[in-house]
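Here is what each chain is made of, one letter per residue.
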Amino acid sequence: MAFVNLKTKVIQVKIVYYGPGRGGKTTNLEYIYRKFQQRINSEMVTVKTHGDRTLFFDFLPFDIGMVNGYNIKIQLYTVPGQVKYNATRRLVLRGVDGVVFVADAMAVCRGKNMQSLENLQENLASYKKNLNALPWVLQYNKMDLLEQGIPLLPVEMLEQDLNREFHAPHFTASAVKGTNVAATLKKIISLTIASIKKELL
Amino acid sequence: MSNTSKFETLSSELESRLDDLFREDAPPAASAAPARPATTPDNPLGELKKTVLSIDWEITPETIDSFQDHIRLLKEAFQRDKIISMFLQILGSLGQYIKTSRNNVHPSTFTVLNSVFARLEEIVTSPTMPAPARKKLLQAEMALYQDLRDKILKRRASAQPRPAGKAAVTAAAPAAPAPGAGAPPEALAQAIEELKVFIRSELKTLKEELGISARRT
Amino acid sequence: MSYTLDQKQLDRIEEILKTDLIDNGVRCVFLIDMAGNIVTNLDNGEKQHDIYSLAALAAGNFGAVSAMAKIIGESEFSLLFHKGKKENIHFNKISSEFLLITIFGNDISLGFLRLKVSESVEQLKRILEALMTAHA
């Protein structure tokens, strides 16, 4: 849960990027880090395998600055997407305040997306949390592959598969190009801060 | 101002902050704090304790040598105290055994080492402890020490069926020699011989000085 | 990168782990790669753990701690060990690819365990390095 220090007037908010393996979670963070590094002035920590797959998490902390007298610190995490790292994913989800679900829009990944979303719900349940009560957004990633002729799932199908009961905000994106990466992030931060408004007022 | 309008102000402030952040320069960040060195209290066994703790964490020739050096120094310092001298003698033998056995050291050696040291520390830090209590502590540790010696001999007997001096060797099934690098059997046998000689002589001294007739098995 | 261990190599590895560690009182030992895959595991028959989760978490933990080392200016830490009330875990890097994780009780001192582990690691290195070179 959001960590509020009433003495120092600091709020720490944890946002986790979740989704199937190789879907673009790390790429999102890498884009943010690369593009806005000078502005957010932070270092990104990655714990990867030799094959460049996330092993534990990627971590990017940064300050938004003062809002309503509070210094808001955002902590972005990604989880390892591969199925075998479920225990690790659960660990990283601990204390989460907001989630970005990065779905892989490639047609061949349809099943993986749904499996991963189900897995997210299971892991959230272990902390007595659920997607109906948690700020989250969907990102349908890899839209750039369309121009390469790779079959992608239509947004309507992705919405039907993943979002029909939640109606969470969604973005089509290309993490590798940066399209809608910042927009996704801004949205999840807004939603997450809104959810802890009581602490801020 | 109502909560709703307060929140609206907050939201718009946040939105413009986010827009700025992901467009313009933002304020920089933090720093770290230095650490302070720890100090150790004065204690005659202080340096020895450090080496014992080191051995508990890591067994290297350096830690063992350091351990033995401190034992030597303490033996000189406490030469007039028979009980403490004997504790130090036991510790010294254990150190020597660990040094010569290296990778083949018996795992229980360290439990015994820690126990002997703990009792020694108790005695040294309680100068008003009555003599019978001190003797009792020493006897308990000597028993542990002999127990360890028996275990070592038993283990050696089952690994390599060869007579070790006067010790009885149980007939063991032919066993493959223990794999991996280790001290040569002769060094181990010598260390055990030294232990045996020491125990015999110290028990004799103990009996004479303390007037104890019963022998612990 | 991929590697394949044949039965003979696995048997040899298990023999080393059994003789040096399990027979000396270690409760459980597993050899994993840095991605958290289990190469082999042995235990003394007393307790069964969820070794797959343990392996993934161990690899993640080791990876995270290595990242911490670099932040503070160390190339790596020489000791990674967690002490519990009854059970303890020790990590040892065998090479850039493999980790040896041992779970042991308080009847074995850490110093003794480290002694035996380094002995095992020397032998395991020889087997595993030859393997990595062959598949490079």
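Residues numbered from 1 in each chain as written. Chains lettered and ligands numbered in written order. Predicted model: local features only at pLDDT ≥ 70, side-chain atom pairs only at ≥ 80, totals over all residues.

J.: I'm lost on the overall build of chain B in this one. Help?
T.: Along the backbone of chain B there are seven helices and zero strands. For chain B, the residues scored as buried account for 21% of the 217 residues in total. (Helix = DSSP H or I, 4+ residues; strand = E, 2+ residues; numbered from the N terminus. Buried ≥ 20, exposed ≤ 12 C-beta atoms within 10 Å, placed from the backbone.)

J.: How should I be thinking about the overall build of chain C in this particular structure?
T.: Broken down by element type, chain C carries three helices and five strands. From first element to last, N terminus to C terminus, chain C shows the α and β order α-β-β-α-β-β-β-α. When the 136 residues of chain C are sorted by exposure, 38% land in the buried category. Considering only contacts within chain C whose residues lie at least 6 apart along the sequence, 55% involve residues at least 24 apart. (Contact = placed C-beta atoms within 7 Å.)

J.: Please clarify how the pairing of strand E5 (residues 98–105) of chain C should be interpreted in this entry.
T.: Moving residue by residue along a regular strand, the side chains alternate between the two faces of the sheet. Residue and element names in this part refer to chain C. Of all eight residues in E5, seven are buried; the element is thus mostly enclosed. In terms of strand pairing, strand E1 (residues 28–33) meets E5 through six bridges, oriented antiparallel. What sits directly across from Leu31, in E5, is Leu100. Pairing of strand E4 (residues 87–93) with E5, which is carried by seven bridges, proceeds in the antiparallel orientation. (Pairing = 2+ DSSP bridges.)

J.: Explanation requested: unusual backbone geometry in the structure shown.
T.: With glycine set apart, most residues show a phi of negative sign, and most peptide bonds adopt trans. Here the phi dihedral of His167 of chain A falls at roughly 55°; this positive angle occurs in a residue that is not glycine. Looking at His167 of chain A, the number of C-beta atoms within 10 Å reads 8, which means it is exposed. In this structure, Arg102 of chain B is a non-glycine residue whose phi angle is positive, near 45°. Turning to its location among the elements, Arg102 of chain B is positioned in the loop between helix H4 (82–101) and helix H5 (109–124).

J.: What exactly am I supposed to notice about the interface of chain B and chain C here?
T.: By a frequent convention, interface size equals the accessible area lost on bringing the separate parts together. With twelve residues of chain B at the contact, the number on the chain C side is 13 residues. The biggest single contributor to the side of chain B that touches chain C is helix H2 (residues 46–57) of chain B, with three residues. Grouping the constituent residues of the side of chain B that touches chain C by class yields eight nonpolar, two polar and two charged. (Nonpolar A, V, L, I, M, F, W, Y, C, P; charged D, E, K, R; others polar.)

J.: What is the right way to look at helix H1 (residues 25–40) of chain A in this model?
T.: Since the α-helix advances by 3.6 residues per turn, residues separated by three or four positions end up pointing in the same direction. All names here are of chain A. For H1, with 16 residues, the first-to-last C-alpha span of 19 Å runs short of the 22 Å given by 1.5 Å per residue. Along its length, H1 reaches its greatest deviation from straightness, about 50°, at Arg34. Along H1, the residues classified as buried are Lys25, Thr26, Thr27, Asn28, Leu29, Tyr31, Ile32, Phe36 and Ile40. Positive backbone phi, at 55°, marks Asn41, one or two positions downstream of H1. (Expected span 1.5 Å × (residues − 1). Bend = angle between axes of the 7 residues up to and from the residue.)

J.: Is there a simple way to explain H4 of chain B in this structure?
T.: Residues and elements named next belong to chain B. Relative to the 28 Å expected for 20 residues at 1.5 Å per residue, H4 spans 28 Å between its end C-alpha atoms, a close match to the ideal helical length. The complete set of buried residues in H4 reads Ile84, Phe87, Leu88, Ile90, Leu91, Ser93, Leu94, Gly95, Tyr97, Ile98 and Thr100. Phi for Arg102, located one or two positions after H4, is positive at around 45°.

J.: Is there a simple way to think about the nonpolar core in this case?
T.: Soluble globular proteins tend to bury their nonpolar side chains together. With 117 residues, the main nonpolar core has Val16 and Phe101 of chain A, Leu91 of chain B together with Ile32, Ala58, Ala59 and Leu99 of chain C as its most contacted residues. The leading source of residues in this core is H4 of chain B, at eight residues. With residues near it in sequence (within four places) discarded, Ile32 of chain C still touches Asn37, Ile38, Val39, Ala55, Ala58, Ala59, Leu99 and Ile101 of chain C. (Core = buried A, V, L, I, M, F, W, Y, C linked by C-beta atoms within 7 Å.)

J.: Just to check I follow, could you spell out the environment of Arg17 of chain B for this structure?
T.: Residue position: Arg17 of chain B is located in helix H1 (residues 3–21). The class of Arg17 of chain B is partly exposed, set by 18 C-beta atoms lying within 10 Å. Excluding its chain neighbours within four sequence positions, the residues that come into contact with Arg17 of chain B are Ile64, Gly65 and Val67 of chain A.

J.: Would you mind showing me how to read the sheet that holds E1 of chain C here?
T.: Across a sheet, strands are paired by hydrogen bonds formed along the backbone, either parallel or antiparallel in direction. All names here are of chain C. Taken together, the five strands give an open sheet; going across it, the order is E2-E1-E5-E4-E3, and neighbouring strands pair in antiparallel fashion. The open sheet has two free edges, formed respectively by strand E2 (38–43) and strand E3 (80–83), since each of these has just one partner strand. For this sheet the average axis-to-axis angle between neighbouring strands, irrespective of direction, equals 10°. This element, helix H1 (residues 7–20), spans E1 and E2 of the sheet and lies at about 40° to E2. Taken strand by strand, helix H2 (residues 51–71) contacts E1, E2, E3, E4 and E5, and its axis lies near 60° from that of E1. (Axes fitted to C-alpha atoms, helices over the stretch in contact; angles between N-to-C directions.)

J.: Looking at this structure, I do not really get the pairing of strand E3 (residues 45–48) of chain A. What am I missing?
T.: Residues and elements named next belong to chain A. Of the pairings in the sheet, the one linking E3 to strand E4 (residues 54–67) comprises three bridges and is antiparallel in character. Looking at E4, one finds that Val45 is bridged to Phe59. Connecting E3 to the antiparallel partner E4 that follows it, the hairpin turn spans five residues, and Asp52 within it adopts a positive phi of roughly 70°.

J.: Explain the confidence of the model for chain C to me, please; I cannot follow it from the model alone.
T.: When pLDDT is averaged along chain C, the result is 88; 93% of the residues meet or exceed 70. In the predicted complex, the global pTM is 0.66; the interface-specific ipTM is 0.74. (pLDDT = per-residue confidence, 0-100.)

J.: Is there a simple way to think about the environment of Lys151 of chain B in this case?
T.: Residue and element names in this part refer to chain B. For Lys151, the location among the structural elements is in helix H6 (residues 131–159). Taking the number of C-beta atoms within 10 Å as the measure of exposure, Lys151 has 15 and is therefore partly exposed. For the pair Lys151 and Thr109, spaced 42 residues apart in sequence, the C-alpha separation works out to 9.9 Å. Leaving out residues up to four positions away in the same chain, Lys151 has contacts with His106 and Ser108.

J.: Any chance you could explain the environment of Glu122 of chain C here in plain terms?
T.: Residue and element names in this part refer to chain C. For Glu122, the location among the structural elements is in helix H3 (residues 110–135). Note on Glu122: 14 C-beta atoms within 10 Å, which makes it partly exposed. Linking Glu122 and Ile94, residues 28 residues apart in sequence, is a C-alpha distance of 8.2 Å.

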